[in-house]
Amino acid sequence: MMEASSPLVFVARRLPEPVMARLRERYRLTDEPSDEPPGRERLIAGLSEADAAICTLTERIDDDALRAGCRLKIIANYAVGFNNIDLDAAKRRRIIVTNTPDVLTDATADVTWALLLAVARRVTEGHALVQQRSWSGWAPTQLLGADVTGRTLGIIGMGRIGRAVAERAAGFRMPVLYTAHQEVVPAVPGTWQRASFEQVLAQSDFVSLHVPLTDETRHLIDARALSLMRRSAFLINSSRGPVVDEAALAHSLKQGRIAGAGLDVYEREPAIHHDLLGLPNVVTLPHLGSATWRTRVRMGEICLENIDAVVNDRPAPNQVT
Ligand code: DGY
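Residues numbered from 1 in each chain as written. Predicted model: local features only at pLDDT ≥ 70, side-chain atom pairs only at ≥ 80, totals over all residues.

In the annotation of an unreviewed UniProt entry, the protein chain is listed under the name Glyoxylate reductase and assigned to Nitrospira tepida. Quoted verbatim from the Sequence similarities (unreviewed entry) heading of the UniProt record, the comment on the protein chain is "Belongs to the D-isomer specific 2-hydroxyacid dehydrogenase family." (UniProt positions renumbered as here; feature names shortened; annotations may be inferred.)

A. Spotlight on the site of the ligand. Close to the ligand lie Leu57, Ala79, Val80, Gly81, Leu104, Gly289 and Ser290, which account for all nearby residues. Considered class by class, the residues forming the shell around the ligand number 4 nonpolar, 3 polar and no charged. (Near = placed C-beta within 6 Å. Nonpolar A, V, L, I, M, F, W, Y, C, P; charged D, E, K, R; others polar.)

B. Quick peek at the packing of helix H5 (residues 105-120) against helix H7 (residues 160-168). Two elements in contact, H5 and H7, have axes whose closest approach is 9 Å; the angle formed by their N-to-C orientations is 55°. With respect to their mutual orientation, H5 and H7 come out oblique. Relative to H7, H5 is oriented so that their crossing is right-handed. Taking contact as the criterion, the partners of Thr105, Asp106, Thr108, Ala109, Thr112 and Trp113 in H5 are, on H7, Arg160, Ile161, Ala164, Val165 and Arg168. (Axes fitted to C-alpha atoms, helices over the stretch in contact; angles between N-to-C directions. Helix = DSSP H or I, 4+ residues; strand = E, 2+ residues; numbered from the N terminus. Parallel < 35°, antiparallel > 145°, perpendicular 65-115°, else oblique. Left-handed = near helix turned anticlockwise from the far one by under 90°. Contact = placed C-beta atoms within 7 Å.)

C. Broad picture of the pairing of strand S6 (residues 153-156). Burial along S6 is two-sided: the face carrying Leu153 and Ile155 and the face carrying Gly154 and Ile156 are both buried. The pairing of S6 with strand S7 (residues 176-179) spans 4 bridges and is parallel. Of the residues in S7, the one forming a bridge with isoleucine 156 is threonine 179. In the sheet, S6 pairs with strand S9 (residues 206-209) via 4 bridges, with the strands oriented parallel. Bridge pairing links glycine 154 to valine 207 in S9. (Buried ≥ 20, exposed ≤ 12 C-beta atoms within 10 Å, placed from the backbone. Pairing = 2+ DSSP bridges.)

D. Focus on the nonpolar core. Among the nonpolar cores identified, the biggest contains 87 residues, and Val9, Ala53, Ile54, Ile75, Val176, Val207 and Phe234 are the most heavily contacted of them. Composition of this core by domain shows at least three residues from each of domain 1 (8-103 + 293-311) and domain 2 (105-284). Excluding residues within four positions of it along the chain, valine 176 makes contact with Leu153, Ile155, Ala166, Ala169, Gly190, Thr191 and Trp192. (Core = buried A, V, L, I, M, F, W, Y, C linked by C-beta atoms within 7 Å. Domains from an automatic or database assignment.)

E. Looking closely at the pairing of S9. Burial along S9 is two-sided: Phe206 and Ser208 facing one way and Val207 and Leu209 facing the other are all buried. When S9 meets strand S10 (residues 234-237), the two strands line up parallel, connected through 4 bridges. Among the inter-strand pairings, serine 208 is bridged to a residue of S10, identified as isoleucine 236. Handedness of the crossover joining S9 and S10 through helix H9 (residues 223-228) is recorded here as right-handed. (Right-handed = clockwise from strand over helix to strand, strands pointing away.)

F. Expanded view of the sheet that holds strand S12 (residues 282-284). One open sheet holds the 7 strands; their spatial order is S8-S7-S6-S9-S10-S11-S12, and the pairing between them is parallel. Edge positions in the sheet fall to strand S8 (192-194) and S12, since each of these pairs with one other strand and no more. Between one strand axis and the next, the sheet turns by 15° as a mean value, whatever way the strands run.

G. Inspection of helix H10 (residues 246-254) at higher detail. All buried positions along H10 are accounted for by Glu246, Leu249, Ser252 and Leu253. Projected down its long axis, H10 carries its buried residues within an arc of 120°, all on one side. As for H10, its buried residues are in contact with H9, S10, strand S11 (260-263) and S12. Positioned one or two residues after H10, glycine 256 has a phi angle of 70°, which is positive. (Arc of directions from axis to C-beta.)

H. A look at the confidence of the model for the protein chain. Summarising the model, the protein chain shows a mean pLDDT of 97, and 99% of its residues fall at 70 or more. Interface predicted TM-score (ipTM) for the complex: 0.93; the corresponding pTM is 0.96. (pLDDT = per-residue confidence, 0-100.)

I. Representation of H5 within the structure. Taking 1.5 Å per residue, 16 residues should reach 22 Å; H5 reaches 23 Å between its end C-alpha atoms and fits that length. Counting buried positions over the 16 residues of H5 gives 12, a clear majority of the element. Thr105, Ala107, Thr108, Ala109, Val111, Thr112, Trp113, Leu115, Leu116, Ala118, Val119 and Ala120 are the residues of H5 that are buried. Downstream of H5 by a residue or two, arginine 122 has a phi angle that is positive, lying close to 55°. (Expected span 1.5 Å × (residues − 1).)

J. Region of interest: the sheet that holds strand S5 (residues 96-98). Strands sit in the order S2-S1-S3-S4-S5 across an open sheet of 5 strands; the sheet is parallel. The sheet is open, and its two borders are formed by strand S2 (28-29) and S5, each paired with just one other strand. Here 2 bridges tie strand S1 (residues 8-11) to S2, and the two strands are oriented parallel to one another. Its bridge partner being in S2, leucine 8 is matched across the sheet by arginine 28.

K. Highlighting the packing of helix H1 (residues 17-26) against helix H11 (residues 293-311). The geometry of H1 relative to H11 is characterised by a closest axis approach of 8 Å and an angle of 20° between their N-to-C directions. By the criterion of interaxial angle, the relationship of H1 to H11 is roughly parallel. Both H1 and H11 take part in a crossing whose hand is right-handed. Touching Pro18, Val19, Arg22 and Leu23 of H1 are Val297, Gly300, Glu301 and Leu304, all from H11. Partitioning the contact of H1 with H11 into residue classes produces 5 nonpolar, 1 polar and 2 charged.

In structure tokens, the structure reads:
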């Protein structure tokens, strides 16, 4: 039986059932979350009564939202990224913010490769051809794509996910060019070479983005950056949508300035620049980077570990402020 004095937790979105079950065992919930984003009213109401909150990247946790949280001790963000939260405001209000690093590295790296392979080898076009019963049989010139094996992979941002994407390139015998503040030692046999942002763009066949969204990285890939890429190159983005100027990307693709793009994230999710829809050389996923059962359960467990720590006056293991 839950004690009436046990901490109250606001959960912005319904999480996988094993996580919800563990939450209900230990805490009282302010209300029952659903699959839909909470909406501003529910968000503010929830934060105003809660001792702890689990939020996701779809909630804008700005100063106003944090002001409502007069008892709030912790926001456990159900994501590795935390650009949805005003960290300065949280700090001023002494609200701890935590994230879920490491556990989604492999899942996100896998999706990055799914996009890369799909756009290079025209997987979605082939799938549509078969599904629409339009395939009339093998043909020597049908849906010819780009080679992956042996081509150069460019990684912008060699953090945990960037490295995991680079490690997977070994199986494709791809040399890796990357941007980073310092040299990164390859964890697997392979040629990894640090280079400038411009060199990575100009010399890679696939450019994959793995930077967090900050003021410095917003529109990092703009018209100028796109103009430096090879006409035969592909852009892959599984980081954050606003890192790419979507209008500039759509323009480059329509002009044939680059060969294609594989996108999991968008500037104004769930909206997508209209010109990116319907282009055969663009593969679009609905922000699935961390979307495996194991990963999403583990992300929830990490949120719980952080909440358990903070409500029991222990340091949060994944504090970002
Ligand atoms: C993250 O954790 O930042 C991901 O984008 C969520 O899937």
